[in-house]
Amino acid sequence: MSVSTVAAAQSVCAPLPVLGRDVTVPLVTGGEVTYAALDYAASAPALQRVWDDVAAYAPYYGSVHRGAGYLSQLSTDLFENARRTVAEFLDCRDDDQVVFTRSTTDSLNLLAAALPAGCQVFVFETEHHASLLPWRDARVTYLDAPRSPRQAVETLERALADRDPYGPALVCVTGASNVTGELWPVRELAAAAHAHGARIVLDAAQLAPHHPVSVEDLDVDWVAFSGHKLYAPFGTGVLAGRADWLREAEPYLAGGGASRKVTRRTDGGVDVEWHESAARHEAGSPNVIGAYAVASACKALTEAGFDTLVAREQYLVGKVREGLADVSQVRFLSLFGDDAPRVGVLSFVVEGWNSSHFAAALSAEYGIGVRDGLFCAHPLVRTLLGSDPQTQGECGSPEAAPGEKSLNAIRVSFGAGTPDEHVERFVRAVRELVTDGARWNYRTEDGRCVPDTSA
């Protein structure tokens, strides 16, 4: 990173205000400290602006699409405007649909339910379970983890060349790994997919909060992401992209809102005419506040400017990498190499430490929240750790007691709301734990490593 980029990151783009930035937590060794939330890859804290927007709207909450009253009409306009804001944020094509869901997982399951008969799906083993597992009713080809962006494209091209050229096909790929943070060659993978008559869906759960995502520029057919990783509260996701498969599929949920017309037949049954718009897959009363929150986050990130947000995040990545460069016991996990472009997500293991024990010590003794486990990407983490990628394990399960070897890793992740001090404290804590060990005793309780307070 250039000196000018670092200077820009420090002076131009201060951390965006987020909820919880002043929360203090107790330390097992005594006293309290401001909580360092370094688990953005799981759930990013809500932006203060998003929370303020939601609070301002809350008194005007009303049902949508069904009411004649003022609040209902206002809420309907707000809901549909949120859809347009998300479409602009993703640089969608004019005829694309934006469907509001519960999460990335929900979005990809919706798309899986809309696949044409006989569709073949191609997915790398490196995917998060949200994009690895929904395709149970399709013919799925799982691709081995590539070791470079070029190898990823070549692997996909070979697999697509061997498929039935006349049937429908879909490629599912992440934009940024939730384990290593590495950026994937989405544009090149999309070109390979289209060259072989396949479509492609982008899991942008880890990409959209950190980088601009343009459906048109990347030439992907669909994009899925979650609001709770985009600095909005839990409970809302997005599936945006081509309308034809969605319009031709049975509704994801059957009920009010998805149906345009319902009539009784003479034989006692009912005939249903479903909507062809995004409403087809949004049955039931929608999460209006959630959609509004996602739209607010989209606006906030756009106005902050991704150039400066990316520059600051790379500055923080550099602080972690450089701060631990001489700690030989720390090994960062990577598919494409240490110098590969990445978002603010880094996973590592520490020689001589059980990962759950290390994460517990970071929390209990330093007030730092990170993630340990397999990160709901079991095959990838096991491949990176050199173990059998088919070995089973539970999400977040330590699988070992303090001091014992585990097949898990530790993940630190940050973003637009992370202050320098949190990253600096993390680096200092890792160095001290490696050098001096934990200052407290720990035990395993209900599958988690926790401070032993029995003494």
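Note that the structure is a prediction, hence the values are computed from the model and not measured. (Residues numbered from 1 in each chain as written. Predicted model: local features only at pLDDT ≥ 70, side-chain atom pairs only at ≥ 80, totals over all residues. Heavy atoms only, no water.)

Caption draft 1: Expanded view of the overall build of the protein. On a plain count of helices and strands, the protein comes out with 14 helices and 19 strands. In summary, the protein has a C-alpha radius of gyration of 23 Å against a globular reference of 23 Å for 455 residues, a match within 12%. Counting only C-alpha atoms, the protein reaches 80 × 55 × 50 Å along its principal axes. Residue burial in the protein is summarised as follows: out of 455 residues, 55% are buried. For the protein, the computed accessible surface area is about 19400 Å², with 50% contributed by carbon and sulfur atoms. (Helix = DSSP H or I, 4+ residues; strand = E, 2+ residues; numbered from the N terminus. Rg over C-alpha atoms; globule rule 2.2 N^0.38 Å. Buried < 20%, exposed > 50% of the residue type's maximum accessible area, 1.4 Å probe, protein only. Areas by Shrake-Rupley, 256 points an atom, 1.4 Å probe, with all protein chains shown as cover.)

Caption draft 2: Representation of a nonpolar patch on the surface. Together, Tyr-60, Tyr-70 and Leu-71 line one region of the surface with nonpolar side chains, adding up to about 340 Å² of accessible area. The residue Leu-71 is located in helix H3 (residues 70–89) in this model. (Patch = residues over 30% accessible without salt bridge, like charges linked within 9 Å, V, L, I, M, F, W, Y side chains within 5 Å. Salt bridge = Lys/Arg side-chain N within 4 Å of Asp/Glu carboxyl O.)

Caption draft 3: How the structure looks around empty space enclosed by the protein. If you walk through the whole model with that rule in mind, you get two cavities of 30 Å³ or more. In this structure, the largest cavity encloses a volume near 50 Å³. Its residues placed into classes, the lining of the largest cavity shows five nonpolar, two polar and two charged. Surrounding the second largest cavity, Tyr-40, Ala-44, Gln-206, Pro-209, His-210, Lys-229 and Tyr-231 form its lining. (1 Å grid on protein atoms, 1.4 Å probe; cavity = no way out; pocket = protein on both sides within 12 Å on 5 of 7 lines; lining within 4 Å. Points joined across faces, edges and corners; volume = space filled by probe spheres on them. Nonpolar A, V, L, I, M, F, W, Y, C, P; charged D, E, K, R; others polar.)

Caption draft 4: View of helix H7 (residues 186–195). Along H7, the residues classified as buried are Val-186, Leu-189, Ala-190, Ala-192 and Ala-193. What you see down the axis of H7 is that its buried residues fit within an arc of 160 degrees, all on one side. Where the residues of H7 are buried, they touch helix H6 (149–161), strand E7 (169–174), strand E8 (199–203) and helix H8 (215–218). Remark: Gly-197 follows H7 within two positions and exhibits a positive phi of approximately 75 degrees. (Arc of directions from axis to C-beta. Contact = heavy atoms within 4.5 Å.)

Caption draft 5: Fine view of the sheet that holds E8. Strand order in the open sheet formed by seven strands is E4-E10-E9-E8-E7-E5-E6, with mixed pairing between adjacent strands. Single-partner strands in this sheet number two, and they are strand E4 (97–101) and strand E6 (139–143). Geometrically, the sheet is characterised by an average inter-axis angle of 20 degrees between neighbouring strands, direction not taken into account. By the bridge criterion, five bridges tie E4 to strand E10 (residues 237–241) in an arrangement that is antiparallel. In the sheet register, Gln-97 faces E10, and the bridge partner there is Gly-241. (Pairing = 2+ DSSP bridges. Axes fitted to C-alpha atoms, helices over the stretch in contact; angles between N-to-C directions.)

Caption draft 6: Broad picture of the state of the cysteines. For the coordinates displayed, the defined rule picks out zero disulfides. For the unlinked cysteine Cys-119, the closest cysteine sulfur is that of Cys-172, found at 11 Å. In this structure Cys-119 comes out as buried when scored by relative accessible area, which is 2%. (Disulfide = S-S within 2.5 Å.)

Caption draft 7: Highlighting the nonpolar core. Among the nonpolar cores identified, the biggest contains 84 residues, and Leu-90 and Phe-225 are the most heavily contacted of them. Among the elements that line this core, the one with the most residues is helix H10 (residues 288–304), at nine residues. Discounting chain neighbours no more than four positions away, the residues touching Leu-90 are Val-213, Ser-214, Val-215, Val-223, Phe-225, Val-238 and Ala-240. Membership of the second largest hydrophobic core comes to 35 residues, among which are Leu-324, Leu-346, Ile-368 and Ala-429. (Core = buried A, V, L, I, M, F, W, Y, C linked by side-chain atoms within 4.5 Å.)

Caption draft 8: Up close: the side chain of Ser-72. Structurally, Ser-72 can be placed in helix H3. A polar contact of 2.6 Å, which involves the side chain of Ser-72, links it to the backbone oxygen of Ser-63. Here Ser-72 is in contact with Ser-63, Val-64, Arg-66 and Gly-67, once residues within four sequence places are set aside. (Polar contact = N/O pair within 3.5 Å; in protein donor to acceptor, adjacent residues only side chain to side chain.)

Caption draft 9: Here's a closer look at the sheet that holds strand E13 (residues 330–332). Spatial strand order, E13-E14-E17-E16: four strands in an open sheet with antiparallel pairing. Each edge of the sheet is formed by a strand with only one pairing partner; in this case those strands are E13 and strand E16 (371–373). Between one strand axis and the next, the sheet turns through 30 degrees on average, direction left out of account. Of the pairings in the sheet, the one linking E16 to strand E17 (residues 409–413) comprises three bridges and is antiparallel in character. In the sheet register, Gly-373 faces E17, and the bridge partner there is Ala-409.

Caption draft 10: Unusual backbone geometry, seen in detail. Phi at Asp-91 is positive, roughly 55 degrees, even though this residue is not glycine. Take Asp-91: its relative accessible area is 33%, and that puts it in the partly exposed class. One non-glycine residue, Tyr-231, adopts positive backbone phi at about 70 degrees. Tracing the chain through its elements places Tyr-231 in the loop between strand E9 (222–226) and E10.

Caption draft 11: View of the environment of Trp-51. Structurally, Trp-51 is set in helix H2 (residues 48–57). Each C-alpha atom, one on Trp-51 and one on Pro-233, is 8.3 Å from the other, the two residues being 182 residues apart in sequence. When residues no more than four places from it in sequence are discounted, the contact partners of Trp-51 are Leu-19 and Pro-233.

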